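Topology and contacts: notes
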Amino acid sequence: MIQLIVQQQTQIENKSKKPRGIRWREQTRVLALALWKRSPKNYKLLRTIFKLPAESTLQHLLSKLPMEPGIHKNTLKLISQEVGLKENGFHLCAALFDEMSIKEHLEYSVASDKIVGFVSYGGGSKMEVANYVLVLMLRGLKRKYKQLIAYFPSRGGLNSRELTSIIKDVLKACDEAGLLVLTTVCDLGSSQVSALKRLGATFDEPSFKWNGRKISTIYDPPHLLKCVRNLLLMYRLDCELVMSANRKADRGIADWQHIRDLYEEENDNECSPQTYGRSRVPSR
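These remarks concern the structure in this document. Position labels on residues start from 1 in each chain and follow its written sequence. Owing to the predicted nature of the model, reporting of local features is limited to residues with pLDDT of at least 70; listing and counting of side-chain atom pairs is limited to 80 or more, with chain, interface and lining totals taken over all residues. With hydrogens and water set aside, each side-chain value is computed from the structure's full complement of heavy atoms.

Let us look at the environment of Met 137. Helical segments are the DSSP runs of H or I of at least four residues, strand segments are the runs of E of at least two, and each set is numbered from the N terminus. Residue position: Met 137 is located in strand β7 (residues 132–140). The cut-offs for exposure are 20% and 50% of the maximum accessible area for each residue type, with area from a 1.4 Å probe on protein chains only; residues under the lower value are buried, those over the upper are exposed, and the others partly exposed. Accessibility expressed as a relative area gives 25% for Met 137, which makes it partly exposed. Spatially, the C-alpha atoms of Met 137 and Phe 97 are 6.3 Å apart, while their sequence positions differ by 40 residues. Look past the residues within four positions of Met 137 in its chain and what remains in contact with it is Ala 94, Ala 95, Leu 96, Lys 146, Gln 147, Leu 148 and Ile 149. Residue contacts are counted whenever heavy atoms from the two residues lie within 4.5 Å of one another.

Encoded structure:
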C-alpha cells in the first residue's frame with residue numbers, strides 16, 4: 001500500500017516535467033531498483049507505461065553502496081533485521097560458496113577513490129591482478145531470500161588453508177549477526193573438498209562441528225550429475241547392484257550406451273510430437 005502511494009505521488013509530481021528535470025524520491029528509487037533487479041526486461045516495459053527512473057540512475061544508486069572485498073557485516077545485520085523473529089526459524093540459512101575465473105582488469109572507482117581489480121582477502125590489497133574470485137551467499141531455509149555476503153578476489157584461486165580460514169570467519173560473522181548456518185553448499189573443486197576435510201567433514205560423516213552444533217556439507221547436485229555424466233562418457237563402470245525385490249546383490253556394468261538406448265526407446269514411444277527430439281544425448 002505504501003509503495004502504491006509513493007508511486008502515485010511520483011506520477012503526479014513528475015507529470016509535467018521533462019525526463020532530465022525529474023528529482024526522484026528516495027522511496028521511488030529504492031522501489032524501482034527492486035523492480036529492475038527482479039527483471040530488467042520487465043522494467044523497460046514498465047517505463048513505457050509509468051514514469052520511472054532510468055537504468056543509469058539506478059546504476060548510480062548501486063555505485064554508492066560499499067562493496068569492498070571481504071565480509072559485508074552490515075549486510076548480515078540487515079538480513080537479520082529483515083528475517084524477523086527466531087521463534088519462526090527464519091534465521092536458519094545455508095551458506096553457498098563458489099570460485100570462478102574472471103577477466104584480468106583494473107578500474108578506477110570514483111566512489112571509493114581506489115583502483116580495483118587487485119588480489120584482496122579483505123585485509124588489504126596485493127600488487128597482483130586478480131583472475132579468480134570466491135563468492136559467498138546466504139540462502140534462507142524457512143524464508144525465501146538469497147543475498148551476497150562476501151567476495152574475495154585472488155590470483156590463481158585460493159588454496160584449502162585460505163578457504164578454510166574464510167569459511168570460519170564467515171560462520172563467525174553470521175553467528176554474531178544472529179543468523180544460524182545449518183549447511184554449506186559448494187561444488188567438487190579440489191580446494192573446496194580439501195577445505196571441508198580440514199573442517200572435519202568426511203565421506204562417511206559429511207558434516208563438521210561449529211560452536212556446539214553440526215553443520216552439514218552438501219555438494220551441488222547438478223554438479224554431481226555432471227560429474228557422473230563425464231565419468232560414464234569416459235569409462236564403463238563395474239558396480240554392485242542390489243535388486244529391490246529380493247535384496248540380492250549382483251554385479252553389473254554401467255555404460256553410457258545404456259542411457260542412449262533408453263533415450264532412443266523413449267523417443268520411439270513418444271506421444272507428443274512437440275517434445276520429440278528436443279533433448280540431445282552426446283556420443284562417447
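Don't stop here, the text continues.
Another point: the pattern of salt bridges. The term salt bridge refers to a pairing of a side-chain nitrogen on Lys or Arg with a carboxyl oxygen on Asp or Glu at a separation within 4 Å. Inspection of every chain in the model, using the stated rule, returns five salt bridges. Ionic pairing is found between Arg 213 and Asp 175, a salt bridge with its closest N-O pair at 3.1 Å. Taken together, the residues Arg 213 in strand β11 (residues 213–219) and Asp 175 in helix α6 (residues 160–177) connect sequence positions 38 residues apart. A relative accessible area of 15% places Arg 213 in the buried class.

For two strands to count as paired, DSSP must find a minimum of two bridges between them. Taken together, the nine bridges between strand β2 (residues 92–101) and β7 define a ladder with antiparallel strand orientation. Its bridge partner being in β7, Cys 93 is matched across the sheet by Gly 140. Summarising the sheet, β7 and strand β8 (residues 146–154) pair through eight bridges and their orientation is antiparallel. Opposite Met 137, over in β8, you have Leu 148 as the bridge partner.

On to the environment of Ile 115. Mapping Ile 115 onto the fold places it in strand β4 (residues 114–116). Setting aside its immediate chain neighbours within four residues, Ile 115 contacts Leu 106, Glu 107 and Tyr 108.

A separate point is the packing of helix α2 (residues 26–38) against helix α4 (residues 55–63). Between N-to-C directions, angles span 0 to 180 degrees; the directions come from axes that are lines fitted to C-alpha atoms, helices contributing only their stretch in contact. Direction vectors running N to C along α2 and α4 enclose 100 degrees, while the axes themselves pass 10 Å from each other. Taken as axis vectors, α2 and α4 run roughly perpendicular relative to one another. Two secondary-structure elements touch here, α2 through Arg 29, Ala 32, Leu 33 and Trp 36 and α4 through Glu 55, Thr 57, Leu 58, Gln 59, Leu 61 and Leu 62. Classifying every residue of the contact of α2 with α4 by side-chain character gives six nonpolar, two polar and two charged. By the definition adopted for this analysis, an angle is roughly parallel if under 35 degrees, roughly antiparallel if over 145, roughly perpendicular if from 65 to 115, and oblique otherwise. The classification used treats Ala, Val, Leu, Ile, Met, Phe, Trp, Tyr, Cys and Pro as nonpolar, Asp, Glu, Lys and Arg as charged, and all other residues, Gly among them, as polar.

It is worth spelling out the pairing of strand β10 (residues 207–210) at this point. As paired elements, β10 and β11 share four bridges and run antiparallel to each other. The partner of Trp 210 across the bridge, within β11, is Arg 213. Count of turn residues in the β10/β11 antiparallel hairpin: two residues, of which Asn 211 carries a positive phi of about 50 degrees.

Moving on, we come to the packing of α6 against helix α7 (residues 190–199). Look at α6 against α7: their axes get within 8 Å of each other, and the N-to-C directions meet at 60 degrees. The angle between α6 and α7 falls in the class oblique. Between α6 and α7 lies a crossing of right-handed hand. Taken together, the residues of α7 that come into contact with α6 (itself represented by Ser 160, Arg 161, Leu 163, Thr 164, Ile 167 and Lys 168) are Ser 191, Gln 192, Ser 194, Ala 195, Arg 198 and Leu 199. It is the rotation of the near helix from the far one that decides the hand of a crossing: anticlockwise by less than a right angle makes it left-handed, clockwise makes it right-handed.

With that settled, consider a negative patch on the surface. Together, Asp 261, Glu 264, Glu 265 and Glu 266 make up a negatively charged patch on the protein surface. Mapping Glu 266 onto the fold places it in helix α9 (residues 256–268). A patch consists of residues exposed above 30% relative accessible area that lack any salt bridge, with like charges linked at up to 9 Å and nonpolar side chains (Val, Leu, Ile, Met, Phe, Trp, Tyr) linked at up to 5 Å. Note on areas: these come from Shrake-Rupley sampling with a 1.4 Å probe, and a residue is covered only by the protein chains present in the view. We score Asp and Glu as negative and Lys and Arg as positive, and we do not count His or the chain ends. Positions of charges follow a simple convention, taking NZ of Lys, CZ of Arg, CG of Asp or CD of Glu.

Moving on to the sheet that holds β7. Read from one edge of the open sheet, seven strands run β1-β8-β7-β2-β9-β11-β10, paired in mixed fashion. Both outer strands of the open sheet, β1 (70–71) and β10, are each paired with one neighbouring strand and no more. Contacting β2, β9 (180–186), β10 and β11, α7 runs over the sheet at an angle of about 140 degrees to β2.

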